[in-house]
Amino acid sequence: MQKQDMKRQEVEELLGFAITDEQLQEALECARRKQEYIYQRERRPVVLQHWYLVKLTEEYVRSLAFSKFTMDLCRALRDMEKEHSASCQSAPTDNHIVAVPAG
């Protein structure tokens, strides 16, 4: 499979926002693997076109960004639960009601 030079600007134009070198590199690696997989299965020449790789890369940038957002959100919620749990444990929790006979 022919390797093509991809310009970040091509992906950013589809996304509508700027991305980092790391985001581009990670997404491009995933996109190239997917492109190769699709081509091996279907043997359609269109899959090897440059625009196809650009589109796959754009999709992976979005997917990886959503995954990172989700993991960060879960981490923040877990940290909040730990803080809440620690603060609740320090408060007295003895809430026993003792019946006193009327007399």
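For the structure, see preceding data.
Anyway, here's the lowdown on the structure attached to this text. (Residues numbered from 1 in each chain as written. Predicted model: local features only at pLDDT ≥ 70, side-chain atom pairs only at ≥ 80, totals over all residues. Heavy atoms only, no water.)

### A few points about the overall build of the protein
Consideration 1: Within the protein, the regular secondary structure consists of three helices and zero strands.
Consideration 2: The linear arrangement of helices and strands in the protein, starting from the amino end, is α-α-α.
Consideration 3: A buried classification covers 21% of the 103 residues belonging to the protein.
Consideration 4: A separation threshold of at least 6 residues defines the contact pool for the protein, and within that pool the share at least 24 residues apart is 64%.
Consideration 5: Accessible surface for the protein amounts to roughly 8300 Å². Of this, 55% is attributable to carbon and sulfur atoms. (Helix = DSSP H or I, 4+ residues; strand = E, 2+ residues; numbered from the N terminus. Buried < 20%, exposed > 50% of the residue type's maximum accessible area, 1.4 Å probe, protein only. Contact = heavy atoms within 4.5 Å. Areas by Shrake-Rupley, 256 points an atom, 1.4 Å probe, with all protein chains shown as cover.)

### Remarks on helix α2 (residues 21–42)
Consideration 1: Compared with an ideal rise of 1.5 Å per residue, which puts 22 residues at 32 Å, α2 spans 31 Å between its outermost C-alpha atoms and is within 8% of the ideal.
Consideration 2: When α2 is considered as a whole, its buried residues turn out to be Leu 24, Ala 27, Leu 28, Cys 30, Ala 31, Gln 35, Ile 38 and Tyr 39.
Consideration 3: Arg 43 sits one or two residues past α2 and shows a positive phi near 55°. (Expected span 1.5 Å × (residues − 1).)

### A few points about helix α1 (residues 8–15)
Consideration 1: The set of residues buried in α1 consists of Val 11, Glu 12 and Leu 15. Here the buried residues of α1 occupy an arc of 100° about the axis, which is enough to place them on one side. Looking at α1, the residues exposed on the side facing more than 90 degrees away from the buried face are Gln 9 and Glu 13.
Consideration 2: Phi for Gly 16, located one or two positions after α1, is positive at around 85°. (Arc of directions from axis to C-beta.)

### Concerning the packing of aromatic side chains
Consideration 1: Taken as a whole and assessed by the stated rule, the structure comprises one aromatic pair.
Consideration 2: With a centroid separation of 5.6 Å and 70° between ring planes, the pair formed by Trp 51 and Tyr 52 is classed as edge-to-face.
Consideration 3: A relative accessible area of 48% means that Trp 51 is categorised as partly exposed. (Phe/Tyr/Trp six-rings, centres within 6.5 Å; stacked < 30°, edge-to-face > 60°.)

### Some thoughts on the pattern of salt bridges
Consideration 1: Overall, the coordinates contain six salt bridges when judged by the stated rule.
Consideration 2: Note that Arg 44 and Glu 42 form a salt bridge whose closest N and O atoms lie 2.6 Å from each other.
Consideration 3: You can call Glu 42 partly exposed: its relative accessible area is 43%.
Consideration 4: A salt bridge links Glu 58 to Lys 55, with the shortest nitrogen-to-oxygen separation between them at 2.7 Å. A residue pair is termed a helical-turn pair when its members lie 3 or 4 positions apart in one helix, as Glu 58 and Lys 55 do in helix α3 (residues 50–90) at three residues.
Consideration 5: Here Glu 58 falls in the buried class, since its relative accessible area comes to 6%. (Salt bridge = Lys/Arg side-chain N within 4 Å of Asp/Glu carboxyl O.)

### Details of the layout of surface pockets
Consideration 1: Space inside the largest pocket adds up to approximately 150 Å³.
Consideration 2: When contributions to the lining of the largest pocket are tallied by element, the ones reaching two or more residues are α2 and α3.
Consideration 3: Looking at the lining of the largest pocket residue by residue, the class counts come to three nonpolar, one polar and three charged. (1 Å grid on protein atoms, 1.4 Å probe; cavity = no way out; pocket = protein on both sides within 12 Å on 5 of 7 lines; lining within 4 Å. Points joined across faces, edges and corners; volume = space filled by probe spheres on them. Nonpolar A, V, L, I, M, F, W, Y, C, P; charged D, E, K, R; others polar.)

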